[in-house]
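So you can see what is in the structure, the chains are spelled out below.
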Amino acid sequence: EAQVTQNPRYLITVTGKKLTVTCSQNMNHEYMSWYRQDPGLGLRQIYYSMNVEVTDKGDVPEGYKVSRKEKRNFPLILESPSPNQTSLYFCASSLNPGHNEQFFGPGTRLTVL
Amino acid sequence: GQQVMQIPQYQHVQEGEDFTTYCNSSTTLSNIQWYKQRPGGHPVFLIQLVKSGEVKKQKRLTFQFGEAKKNSSLHITATQTTDVGTYFCARGWGSNYQLIWGAGTKLIIKP
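Sequence order sets the numbering: in each chain, residues are counted from 1 along the sequence as written. Starting at A for chains and at 1 for ligands, labels are handed out in the order in which the entities are written. Only residues with pLDDT of at least 70 get local features here, since the model is predicted, and only at 80 or more are side-chain atom pairs given and counted; chain-wide, interface and lining totals rely on the full set of residues. Side-chain metrics in this entry use all non-hydrogen atoms of the structure; hydrogen atoms and water are not considered.

Caption draft 1: Geometry of the sheet that holds strand E7 (residues 65-66) of chain A. With antiparallel pairing, 4 strands are arranged side by side in an open sheet as E1-E3-E8-E7 (chain A). Among the strands making up the open sheet, the edge pair consists of strand E1 (4-7) and E7 of chain A. Strands are labelled as partners when DSSP assigns at least two bridges between them. Per the convention used, a helix needs a DSSP run of H or I reaching at least four residues, while a strand needs a run of E reaching at least two, with both numbered from the N terminus.

Below, the structure written as structure tokens:
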């Protein structure tokens, strides 16, 4: 089954404790992206990757890091989480984002205390 | 310049009434995509519009792309409880073909 998986689905952590949210897709998509979703703000892009070893900042990259060492995986790293990073995070993949549909993971709800 | 304005933010309807959400841009859109997000779920692709004046239908859903390619709409006829959720538009942007998202319209069925 074609899908995007994310882990964990839920995470409660404390300020400053490094964490990683994993994302994996099995559709051989070149493009992958991370979004955060906050009430009333829609989806805002954090980082995206056009291909292996190619990543770029989206609209709200501060406080986040990503890597793309393999085509299927695109982890999101919070080196020192802060409460303003409490949000719902989605990973997505597509052949080409502006011209092809994006497939989303189930989401990760992160709370930073 | 590249932002898309989506209205309304919320729409409350009785089951069986129609629902419409609008997406507007000050610049010409190369394409527009529509997604649906059920409560507690993730966005799911519905459709992409590319051509000026394009109209596409999916059962009770009608999608339109304006003649000037600066606006788009999604219309649902005779809403059902299964239609509940938030509907997003998204435009392609830039050489890397990023997607720029509208803020979404939440469809709420009145009890």
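Caption draft 2: Structural detail: the interface of chain A and chain B. It only takes one pair of heavy atoms within 4.5 Å for two residues to be counted as in contact. Of the residues lining the interface, 22 residues belong to chain A; the matching set on chain B comes to 19 residues. The rule for a salt bridge is simple: a side-chain nitrogen of Lys or Arg has to be within 4 Å of a carboxyl oxygen of Asp or Glu. Here chain A and chain B share 0 salt bridges between them. By the criterion applied in these results, polar contacts are pairs of N or O atoms within 3.5 Å in which, for protein atoms, one can donate a hydrogen and the other can accept it, and in which residues neighboring in sequence qualify only through two side-chain atoms. At the surface where chain A touches chain B, the tally comes to 4 residue pairs in polar contact (both at pLDDT 80 or more). Within the residue set of the side of chain A that touches chain B, elements represented by two or more residues are strand E4 (31-38) and strand E5 (42-51) of chain A. By residue number, the principal contributor to the side of chain A that touches chain B is E5 of chain A, which donates 5 residues.

Caption draft 3: Expanded view of the sheet that holds strand E7 (residues 61-65) of chain B. All names here are of chain B. Ordered by their spatial adjacency, 5 strands build an open sheet running E1-E3-E8-E7-E6, and the pairing between neighbours is antiparallel. Two strands close off the open sheet at either side, each with one partner strand: strand E1 (5-7) and strand E6 (55-58). Between one strand and the next, the sheet's axes are offset by a mean angle of 15°, whatever the strand orientation. Pairing geometry for E1 and strand E3 (residues 19-24), over 3 bridges, is antiparallel. Residue pairing in the sheet places Ile7 in a bridge with Tyr22 of E3. Throughout, an axis means a line fitted to C-alpha atoms (over the contacting stretch in the case of helices), and angles, computed between N-to-C directions, take values from 0 to 180 degrees.

Caption draft 4: Main features of the pattern of salt bridges. Within the structure shown, the criterion is met by 5 salt bridges over all chains. Note that Glu54 of chain B is salt-bridged to Lys56 of chain B, the shortest N-O span being 3.5 Å. Burial status follows relative accessibility: with a 1.4 Å probe on protein chains alone, a residue under 20% of its type maximum counts as buried, one over 50% as exposed, and anything between as partly exposed. A residue is classified by how much of its surface remains accessible, and Glu54 of chain B, at 15% relative accessible area, is buried. Linking Asp83 of chain B and Arg60 of chain B is a salt bridge whose minimum nitrogen-to-oxygen distance equals 2.8 Å. Placement of the pair is Asp83 of chain B in the loop between strand E8 (71-76) and strand E9 (85-93) and Arg60 of chain B in the loop between E6 and E7, with a sequence separation of 23 residues. Because the salt bridges share partners, they merge into one network encompassing Arg36, Asp38 and Arg44 of chain A.

Caption draft 5: Local environment of a nonpolar patch on the surface. Patch membership is restricted to residues that have no salt bridge and whose relative accessible area is over 30%. Joining uses 9 Å for like charges and 5 Å for the nonpolar side chains Val, Leu, Ile, Met, Phe, Trp and Tyr. Using a 1.4 Å probe, accessible areas were evaluated by the Shrake-Rupley method; residue-level cover was limited to the displayed protein chains. Nonpolar side chains collect at one region of the surface, where Ile12, Val14 and Leu113 of chain A lie side by side and expose about 320 Å² of accessible area between them. With respect to the helices, strands and loops of the structure, Leu113 of chain A is situated in the segment after strand E11 (108-112).

Caption draft 6: Region of the structure containing the environment of Thr21 of chain B. Residues and elements named next belong to chain B. Mapped onto the secondary structure, Thr21 falls in strand E3. Here Thr21 falls in the buried class, since its relative accessible area comes to 0%. In sequence terms Thr21 and Gly104 are 83 residues apart; their C-alpha atoms lie 8.6 Å from each other. Those residues within four positions of Thr21 in sequence are excluded, and the remaining contacts are Gln6, Ile7, Pro8, Trp34, Ser72, Ser73, Leu74, Tyr87 and Thr105. A polar atom in the side chain of Thr21 sits 2.8 Å from the side chain of Thr105.

Caption draft 7: Spotlight on unusual backbone geometry. With an omega of -5°, the peptide bond between Asn7 of chain A and Pro8 of chain A qualifies as cis. Mapped onto the fold, Pro8 of chain A is located in the loop between E1 and strand E2 (10-13). Going from Ile7 of chain B to Pro8 of chain B, the amide bond is cis rather than trans, its omega being -5°. Tracing the chain through its elements places Pro8 of chain B in the loop between E1 and strand E2 (10-14). The backbone of Glu53 of chain A sits at a positive phi, close to 65°, despite the residue not being glycine. Checked against the element boundaries, Glu53 of chain A lands in the loop between E5 and strand E6 (54-57). Residue classification places Glu53 of chain A among the exposed positions, given a relative accessible area of 61%. The phi dihedral of Lys69 of chain B falls on the positive side, at around 55°, and the residue is not glycine. By secondary structure assignment, the location of Lys69 of chain B is in the loop between E7 and E8.

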